[in-house]
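What follows is each chain in one-letter form.
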Amino acid sequence: MSQPTKTSRVGGSRLKKGGVVLALVLGTIGTWEGVRTVAYPDIVGVPTVCFGETRGVKMGDRYTLEECRVMLGEGVKQFEAGMRACLTNPDAIPDKPYAAMVSVTYNIGTAGFCNSSMARRLNAGDIKGACDALLAWNKAGGRVVAGLTNRRQDERRLCLEGA
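Here goes a summary of the coordinates provided. (Residues numbered from 1 in each chain as written. Predicted model: local features only at pLDDT ≥ 70, side-chain atom pairs only at ≥ 80, totals over all residues. Heavy atoms only, no water.)

**Let's talk about the pattern of salt bridges**
Consideration 1: Applying the stated criterion across every chain yields a total of 12 salt bridges.
Consideration 2: A salt bridge links Glu-33 to Arg-151; its shortest N-O distance comes to 2.7 Å. Linking Glu-33 in helix H2 (residues 20–33) with Arg-151 in helix H8 (residues 146–162), this pair joins segments that are 118 residues apart in sequence.
Consideration 3: Note that Asp-91 is salt-bridged to Arg-84, the shortest N-O span being 3.0 Å.
Consideration 4: The exposure class assigned to Asp-91 is partly exposed, which follows from its relative accessible area of 45%.
Consideration 5: Accessibility expressed as a relative area gives 1% for Arg-84, which makes it buried.
Consideration 6: Each of the salt bridges in this network shares a partner with another, and the network as a whole consists of Glu-33, Arg-151, Arg-152 and Glu-155. (Salt bridge = Lys/Arg side-chain N within 4 Å of Asp/Glu carboxyl O. Helix = DSSP H or I, 4+ residues; strand = E, 2+ residues; numbered from the N terminus. Buried < 20%, exposed > 50% of the residue type's maximum accessible area, 1.4 Å probe, protein only.)

The structure is reproduced here in structure tokens:
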């Protein structure tokens with residue numbers, strides 16, 4: 001089987017409406033991010049709203065639940081595209097590990113994911129190693145956060161189910 005071209009990696013998506021991967025991603029993010037319709041400072045003081053959205057958020061911003069859902073859907077698609085761009089063969093990753101990696105990318109950002117051992121291990125074909133590497137991403141502001149530790153353990157569990 002040939003490797004996909006860079007164009008196919010960037011343009012592709014496995015987040016199909018009603019699909020398994022999208023349901024897994026949204027369920028994981030929704031469980032761990034929760035939803036708040038009024039902007040608040042996160043654990044390190046970054047203005048955050050809805051399902052953990054930080055891009056362009058200012059304190060005092062308000063959204064309806066429907067606006068938050070739309071924002072989540074758009075954000076997940078953008079972070080998936082960024083994740084795919086740094087993987088050599090994203091479509092070879094089974095659904096559950098793929099969903100776990102989209103979830104962590106949404107949380108730590110595309111640059112964080114692309115420069116991580118998770119991405120390096122996936123590109124080397126080491127899915128289990130990438131799942132294990134999730135556990136390193138449990139800090140905010142340089143300190144271990146129990147909620148992030150629990151989230152990473154949950155993402156790792158999901159990831160290993162499909163590895």
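Moving on, there is more to tell.
**Observations regarding the nonpolar core**
Consideration 1: Core analysis: the largest hydrophobic core is formed by 37 residues, its most contacted members being Val-25, Val-76, Met-101, Phe-113 and Leu-122.
Consideration 2: The set of elements that each furnish at least two residues to this core consists of H2, strand S2 (47–50), helix H3 (65–85), helix H4 (95–108), helix H6 (117–123), helix H7 (127–133) and H8.
Consideration 3: When residues of this core are assigned to their parent elements, the largest contribution, seven residues, is made by H4.
Consideration 4: Not counting residues up to four positions away in its chain, the partners in contact with Leu-122 are Leu-87, Ile-93, Met-101, Phe-113, Ile-127 and Ala-130. (Core = buried A, V, L, I, M, F, W, Y, C linked by side-chain atoms within 4.5 Å. Contact = heavy atoms within 4.5 Å.)

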